[in-house]
Amino acid sequence: MFATYLIGLREGLEATLVVSILVAFLVKSQRRDRLPQVWAGVGLAVALSVLFGWLIEYTSTSLLARSDDRELFEAITSVAAVVFVTWMIFWMRRAARTIAGELRGKLTEALAVGSLAVAGMAFLAVIREGLETALIFYSAAQGASGDSGPLLALIGGIGTAVVLGVLLYASALRINLTRFFTWTGVLLILVAAGILKYGVYDFQEAGVLPGLNNLAFDITTTLDPSTWYAALLAGMFNVTPAPTVLETIAWVGYAVPVLLLFLRPARRKPAPTATTTPVTERGADTGTEAESASTPQRG
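These figures come from a predicted structure and were not determined experimentally.

Q: Report on the overall build of the chain, specifying residues and quantitative values.
A: A tally of regular secondary structure across the chain gives 10 helices and zero strands. Beginning at the N terminus, the succession of helices and strands in the chain can be written as α-α-α-α-α-α-α-α-α-α. By the burial criterion, 40% of the 299 residues in the chain qualify as buried. As displayed, the chain offers around 17200 Å² of accessible surface, 65% of which is attributable to carbon and sulfur atoms.

Printed below as a string of structure tokens:
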């Protein structure tokens, strides 16, 4: 359940931060009249995300009658969830420092167009997080049918994210977002490795991949599946005591290189070298433009 709580917390906080940036910009710009359009866009995005999650579950449980078809569907959604998680983690790592300025610029353009553009921008800013959350949650909660624990954990994570977002907006809470997204990124990479491992096992059960009975190792006597810590490892990162060879290759082959890439220090762009060429009026304007673009915008 911790894995689904982490998914809700991470995705929910990203969406909450985006919404808080939009709201703060409108308030400081004396455009409170556009707030209803922002909330309308957010509400529509949330509703469609819930509908998408229900559609995935309905497809798996009702539309697919054969067990092999269900296994194949779950395997495909697992791989898709891993792709989304990986993209989201690295995107946030790259865009965290500039997202506020980009959102303000886009919102300024939307305000000039009209109310529908404002609602559409808020919708697009939130729908991505919502669809990712639905897909990742479905993949992470596989095998927990009939158990409401994962759903409650997801709701708890989203609720925590909303509270943190409100406190951040009100300046009542200061947290290091860079460190937060780094640590949650590491944990989500391990969660994604477990989802990929689960997807490989589903492919094996569906007969797409071989080696269902070819175990890499069996440490059941050491890591008893009935113990709480074994259940915790299985629930969070899908670490099981008797995985197949392909499952193990998938888990290690994803987790190790992705962690190394994610934790690698970002390269800093070299400072421009000074030249003795006289600065023309056009060059001075270009330099001013670059400087103002790199300066963080303040609402």
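Once the structure has been displayed, the description carries forward.
Q: How would you explain unusual backbone geometry if you had to name every residue and give the values?
A: Apart from glycine, the bulk of residues carry a negative phi angle, and the bulk of peptide bonds sit in the trans form. You will see that Q30, though not glycine, has its phi angle at about 60°, which is positive. Summarising the element assignment, Q30 is placed in the loop between α1 (2–28) and α2 (35–63). Residue Q30 is classed as exposed on the basis of its relative accessible area, which comes to 65%.

Q: I'd like a description of helix α5 (residues 115–140), backed by residues and values.
A: Taking 1.5 Å per residue, 26 residues should reach 38 Å; α5 reaches 37 Å between its end C-alpha atoms and fits that length. Of all bends in α5, the biggest is about 30°, found at V126.

Q: Talk me through the nonpolar core; I want residue IDs and the actual numbers.
A: Residues I89, L188, I189 and Y254 are the most contacted members of the largest nonpolar core, which totals 32 residues. Elements supplying a minimum of two residues to this core: α1, α3 (67–95), α5, α7 (177–205), α8 (228–237) and α9 (245–263). Considering every element that reaches this core, the biggest residue donor is α7, with 10 residues. By size, the runner-up hydrophobic cluster in this structure holds 23 residues, among which are V19, F25, L107 and V118.

Q: Lay out the packing of aromatic side chains with the relevant residues and their values.
A: Counted according to the given criterion, the structure contains three aromatic pairs. Summarising the aromatic geometry, the rings of F90 and F262 are spaced 5.8 Å apart at their centres and angled 90° between planes, so their arrangement reads as edge-to-face. On the criterion of sequence distance, the pair formed by F90 in helix α3 and F262 in helix α9 is long-range, its members being 172 residues apart. A residue is classified by how much of its surface remains accessible, and F90, at 23% relative accessible area, is partly exposed. For F262, a relative accessible area of 4% puts it in the buried group. Here the basic side chain of R128 rests over the ring of W91, its NZ or CZ set 4.3 Å away from the ring centre.

Q: If you had to explain the pattern of salt bridges to someone new, which residues and values would you point to?
A: Side chains carrying opposite charge are able to pair once their charged atoms draw close together. If you walk through the whole model with that rule in mind, you get five salt bridges. Notably, a salt bridge pairs E132 with R128, separated by 3.4 Å at the nearest N-O pair. One end of the pair is E132 and the other is R128, both in helix α5 and four residues apart, which spans about a single turn. With relative accessibility at 2%, the residue E132 sits in the buried group. With relative accessibility at 22%, the residue R128 sits in the partly exposed group. Put simply, E247 and K197 hold a salt bridge, and the shortest N to O gap is 3.3 Å.

Q: Hey, could you go over α9 for me, with residue numbers and the actual values?
A: Relative to the 27 Å expected for 19 residues at 1.5 Å per residue, α9 spans 27 Å between its end C-alpha atoms, a close match to the ideal helical length. Within α9, burial applies to E247, A250, Y254, A255, V258, L259 and F262. Buried residues along α9 cover an arc of 120° about the axis, so they all sit on one side. Exposed residues lying more than 90 degrees from the buried face of α9 are I249 and L260.

Q: Break down the side chain of T59 for me, with residues and values.
A: Along the chain, T59 falls in helix α2. For T59, a relative accessible area of 16% translates into the label buried. Reaching out from T59, the side chain makes a polar contact with the backbone oxygen of L55 at a distance of 2.7 Å. When residues no more than four places from it in sequence are discounted, the contact partners of T59 are L64 and F73.

Q: How would you sum up the environment of V27? Please name residues and give values.
A: Considering the arrangement of structural elements, one finds V27 in helix α1. Using a relative accessible area of 16% as the deciding quantity, one classes V27 as buried. Among residues more than four places away in sequence, those in contact with V27 are R32, L35 and Y169.

Q: Let's hear about the environment of G194: which residues, and what values?
A: If you trace the backbone, G194 turns up in helix α7. Measuring from C-alpha to C-alpha, the distance between G194 and S139 comes to 9.9 Å, with 55 residues separating the pair along the chain. Contact partners of G194, with chain neighbours within four places excluded, come to F237, N238 and W251.

Calculation notes
Residues numbered from 1 in each chain as written. Predicted model: local features only at pLDDT ≥ 70, side-chain atom pairs only at ≥ 80, totals over all residues. Heavy atoms only, no water. Helix = DSSP H or I, 4+ residues; strand = E, 2+ residues; numbered from the N terminus. Buried < 20%, exposed > 50% of the residue type's maximum accessible area, 1.4 Å probe, protein only. Areas by Shrake-Rupley, 256 points an atom, 1.4 Å probe, with all protein chains shown as cover. Expected span 1.5 Å × (residues − 1). Bend = angle between axes of the 7 residues up to and from the residue. Core = buried A, V, L, I, M, F, W, Y, C linked by side-chain atoms within 4.5 Å. Phe/Tyr/Trp six-rings, centres within 6.5 Å; stacked < 30°, edge-to-face > 60°. Lys NZ or Arg CZ within 6 Å of the ring centre and 35° of its normal. Salt bridge = Lys/Arg side-chain N within 4 Å of Asp/Glu carboxyl O. Arc of directions from axis to C-beta. Polar contact = N/O pair within 3.5 Å; in protein donor to acceptor, adjacent residues only side chain to side chain. Contact = heavy atoms within 4.5 Å.

Any functional reading would require information beyond the geometric quantities listed.
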